[in-house]
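Overview (structure and organization)
For reference, the chains in residue letters:
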Amino acid sequence: MVTLRPSVGNYEDDSELKLPKIASLCIILTMNLLLQISFFIIVSSSNEYAQYLGGSSTFSGLVIGIPTVFGGLALIPMTKFDKGGYAMPLHVGCLTAILGHIAYASAYRLHFLYLILIGRCLNGISFTGFMYTKRYCTDPRIVGIRRRTTLASWLVVGQGLGMTLGPFSGGLLYKIGFSSPIFNGYTSPGWVMAGVYAIFWVIIAIYFEDLPQVNGIPSQPTNSLPLQVVNVPGPSHDDQGGTLFTRATVSTPTSRVTLWILFHHVPATQCGVIFCMCWFAMLCFFILGSWEANLPVFGAATPDLRWSPFAAGNFIALGGITAFPFLLANIFFAGRIQDRKLLALGCGLGLAGLAVFLSLLRTGKINYGSLFMCWWAIALGFNLATTVTLSLLSKQLPPERNRWSSMAIQYSNYTGRVTGAVWGGSGVSVGMLKYTGLEIALVGIGAVLFMTLWRNLKTKTG
């Protein structure tokens, strides 16, 4: 058997630390932030908006979560035509986000309940960007293996900022109110976000550099080094739990194409790792989405709270802003802590918040402070856990599977977001004990998977 290695000894170390161009990376991270704000900015006022138009709290939860359904549907044609690049999804994302926010804002003037649903469905097409931002930060063509968890941590920072700025700004705009039948507390989040996306679209057109393509196919970075042929006796295992594969880079007069040759089918244990990461990707967004949709409804229905949309938005944002310093610190620790340990830490903290909340429900001792501590632990814990789901898979699977692993994780995220939002909107109706008990049971299933596959979840740090 023959494999190819770089002729320069320290190239492998350098390639593990490579990063994309800063301007393009900043645009990707900003797109992630704007998408997060788009998802959360209606959370604080959607229940009131839906009821004003004749809907219910459950319908409000559907409005919050429905974009992820259409994001999942749109991913199929999007990945067919993206040619492995990122510019086209960014442009489509900005266009559909603008149209979606305008439709959401126009529902008030037209007094048409389902127009807010239509607007969110259009937003869902832009939410395909969630997958592309994740894929960009783990793309082996531009991101080294020891940079992927760090970049994923930056995505989670954007997630935390979106969870803070979205509900706060939505609640603030509702509080200000405005008197116009077009621009008011219900519609202003849509108009503001449409304007922000329009400006950002211009920035993308000017500064974003897509991956270079040859004959329509994205090529490898142009700084690849010459290769020499080395005979090796058999397939090589990664020293920290990698998969059974090797790489061959074939040089042509016009390009270098990297070929990945798999020696064996995916082992059963690795299938377990894939399922485990998809489960946690679904679980984290299910719980986060359900709490974000439930808090305004639960807070309004609880006698000791009686929250307005503004108060609910402030409460959700306060949990995000107090968790933010820890998410920011995670960027620096991600290069030193194994992914599986970050996952265990995050889910353990989130589970503790759920368990305390369940005990508070049983004793009836719900107040602002006790509820905040539960929300803070849940927001911080499950946001931390989302850092590693895709980065861990990208380190264990061969690079040509990054596209499919990105889609698998994103579909899991979508599933969690939409079902979580609907479950959160229905929480008061079905009973808060049942609501919390289901979430604890889902975490318990994840814990069983995690402990069973602990040794197989080991990867390189960074």
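Not measured: the values here are computed from a predicted model.

1. Quick word on the side chain of T96
Tracing the backbone through its elements, the reader meets T96 in helix α5 (residues 87-110). By relative accessible area, T96 is classed as buried at 8%. In this structure the side chain of T96 is engaged in a polar contact, spanning 2.9 Å, whose partner is the backbone oxygen of V92. Setting aside residues up to four positions removed in sequence, T96 forms contacts with L122, N123, I125 and S126.

2. Some details on the environment of L449
Structurally, L449 can be placed in helix α17 (residues 432-452). In this structure the C-alpha to C-alpha distance between L449 and W279, which are 170 residues apart in sequence, comes to 9.0 Å. Not counting the four nearest positions on each side in its chain, L449 is found in contact with F275, C276 and W279.

3. Here we look at the packing of aromatic side chains
Under the definition given, this model contains 27 aromatic pairs. Between W307 and F315, the aromatic rings sit 4.5 Å apart at their centres with planes inclined by 35 degrees, giving tilted as the arrangement. With respect to class, W307 is no different from F315; both count as buried. Aromatic ring contacts, followed pair by pair, group Y49, Y52, Y104, Y108, Y174 and Y186 into a single cluster. Sitting over the face of the ring of F130, R417 holds its NZ or CZ atom 4.8 Å from the ring centroid.

4. Some remarks on helix α10 (residues 268-301)
In a regular helix each residue adds 1.5 Å, so 34 residues correspond to 50 Å; α10 covers 48 Å between its end C-alpha atoms and thus fits that length. In α10, a bend of some 40 degrees at N294 exceeds every other bend along the element, and P296, a proline, comes one to four places later. Most of α10 is tucked away, with 27 of its 34 residues classed as buried.

5. Let's talk about the confidence of the model for the chain
Mean pLDDT over the chain works out to 82, with 85% of the residues at or above the 70 mark. When pLDDT is averaged over each helix and strand of the chain, the minimum, 33, is found for strand β6 (residues 256-262) and the maximum, 96, for helix α9 (residues 188-207). With pLDDT under 50 throughout, residues 1-12 is counted as low confidence; its partners more than four residues away or in other chains account for 35 contacts. Note on residues 220-264: pLDDT under 50 across the span, and 90 contacts to partners over four residues away in sequence or across chains.

6. Digging into the packing of α5 against α9
Running from N to C, α5 and α9 cross one another at 165 degrees; their axes reach a closest spacing of 8 Å. Classed by the angle they form, the pair α5 and α9 counts as roughly antiparallel. Where α5 crosses over α9, the handedness of that crossing is left-handed. Between α5 and α9, the contacting residues are L90, H91, C94, L95, A97, I98, H101, I102, A105 and S106 on the first element and P189, G190, W191, M193, A194, Y197, A198, F200, W201, I204 and A205 on the second. Residue composition of the contact of α5 with α9, by class: 17 nonpolar, four polar and no charged.

7. Observations regarding the pattern of salt bridges
A side chain of one charge can pair with a side chain of the opposite charge if their charged atoms are brought near each other. Taken as a whole and assessed by the stated rule, the structure comprises five salt bridges. A salt bridge links R135 to D82; its shortest N-O distance comes to 3.5 Å. Taken together, the residues span a long stretch of sequence, with R135 in helix α7 (residues 129-138) and D82 in the loop between α4 (57-81) and α5 at a distance of 53 residues. Pair check on accessibility: R135 and D82 agree, each one buried.

The rules behind the values
Residues numbered from 1 in each chain as written. Predicted model: local features only at pLDDT ≥ 70, side-chain atom pairs only at ≥ 80, totals over all residues. Heavy atoms only, no water. Helix = DSSP H or I, 4+ residues; strand = E, 2+ residues; numbered from the N terminus. Buried < 20%, exposed > 50% of the residue type's maximum accessible area, 1.4 Å probe, protein only. Polar contact = N/O pair within 3.5 Å; in protein donor to acceptor, adjacent residues only side chain to side chain. Contact = heavy atoms within 4.5 Å. Phe/Tyr/Trp six-rings, centres within 6.5 Å; stacked < 30°, edge-to-face > 60°. Lys NZ or Arg CZ within 6 Å of the ring centre and 35° of its normal. Expected span 1.5 Å × (residues − 1). Bend = angle between axes of the 7 residues up to and from the residue. pLDDT = per-residue confidence, 0-100. Axes fitted to C-alpha atoms, helices over the stretch in contact; angles between N-to-C directions. Parallel < 35°, antiparallel > 145°, perpendicular 65-115°, else oblique. Left-handed = near helix turned anticlockwise from the far one by under 90°. Nonpolar A, V, L, I, M, F, W, Y, C, P; charged D, E, K, R; others polar. Salt bridge = Lys/Arg side-chain N within 4 Å of Asp/Glu carboxyl O.

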